[in-house]
Amino acid sequence: MKALVAFLIFLTITASWAAPPHERDGRLVDEHNMTLYVFNGSGFPDSKSCEGDCARNFPPALAAPGDVPSGSLQLLNNGHGERQWAFEGKPLYRGLMDKKPGDHGGDGLNTVWHIVQPR
């Protein structure tokens, strides 16, 4: 039981350390400096806009409980009871094809996935 309580405390502390999206090397990145993407297709991402499973390959960039919007970064309810980061009204997604900071393998994928380059 003590181990479970310690683990829950660790998760709470770790979540509070998560940083909102920020700019790095001209791109918007998450708290691990991994590239974030927007979907520029019509509607929501679907099987035609992704290679394989969209939800798995481009998971939403979710906000931590204490995160607050700032400037061009907003928080949207993604319809699943979760708060998702958005840039200028467009929901942000992570790209699981990227393995290390600086990777941006999803940029231009199927002409609808793009990195975010703040002005």
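Just so you know, these numbers come straight off a predicted model, no measurement behind them.

Calculation criteria
Residues numbered from 1 in each chain as written. Predicted model: local features only at pLDDT ≥ 70, side-chain atom pairs only at ≥ 80, totals over all residues. Heavy atoms only, no water. Helix = DSSP H or I, 4+ residues; strand = E, 2+ residues; numbered from the N terminus. Contact = heavy atoms within 4.5 Å. Pairing = 2+ DSSP bridges. Axes fitted to C-alpha atoms, helices over the stretch in contact; angles between N-to-C directions. Phe/Tyr/Trp six-rings, centres within 6.5 Å; stacked < 30°, edge-to-face > 60°. Buried < 20%, exposed > 50% of the residue type's maximum accessible area, 1.4 Å probe, protein only. Salt bridge = Lys/Arg side-chain N within 4 Å of Asp/Glu carboxyl O.

This paragraph deals with the overall build of the protein. Counting its secondary structure elements, the protein contains two helices and seven strands. Scanning the protein from its N terminus toward the C terminus, one meets helices and strands in the order α-β-β-β-α-β-β-β-β. In the protein, the share of contacts with a sequence separation of at least 24, taken over all contacts with a separation of at least 6, comes to 57%.

Right, let's get into the sheet that holds strand β7 (residues 113–115). One open sheet holds the five strands; their spatial order is β4-β5-β6-β3-β7, and the pairing between them is antiparallel. The strands lining the two open edges of the sheet, one partner per strand, are β4 (73–77) and β7. Averaged over neighbouring strand pairs, the angle between their axes works out to 50° when direction is ignored.

Turning to the packing of aromatic side chains, a few remarks are in order. Tallied over the entire structure, the rule returns four aromatic pairs. Centre to centre, the rings of Tyr37 and Phe58 are 5.7 Å apart; their planes meet at 85°, and the pair counts as edge-to-face. Separated by 21 residues along the polypeptide, Tyr37 in strand β3 (residues 36–39) and Phe58 in the loop between α2 (54–57) and β4 bring together distant segments of the chain. Comparing Tyr37 with Phe58, the two get one shared label, buried. Members of the aromatic cluster, each reached through a chain of ring pairs, are Tyr37, Phe39, Phe58, Tyr93 and Trp113.

Evaluation of the coordinates by the stated rule reveals four salt bridges. Close ionic contact of Lys100 with Asp103 constitutes a salt bridge, the shortest N to O distance being 3.0 Å. Through salt bridges with shared partners, a single network forms among Asp30, Glu31 and Arg94.

Our next topic: unusual backbone geometry. Generally, phi is negative for residues other than glycine and the peptide bonds are trans, each holding for most cases. Not every positive phi belongs to a glycine, and Asp25 is a case in point at roughly 55°. As for its placement among the helices and strands, Asp25 is situated in the loop between β1 (22–24) and β2 (27–29). What makes Asp25 exposed here is its relative accessible area of 65%. Although it is not a glycine, Glu88 sits at a positive phi angle of roughly 50°.

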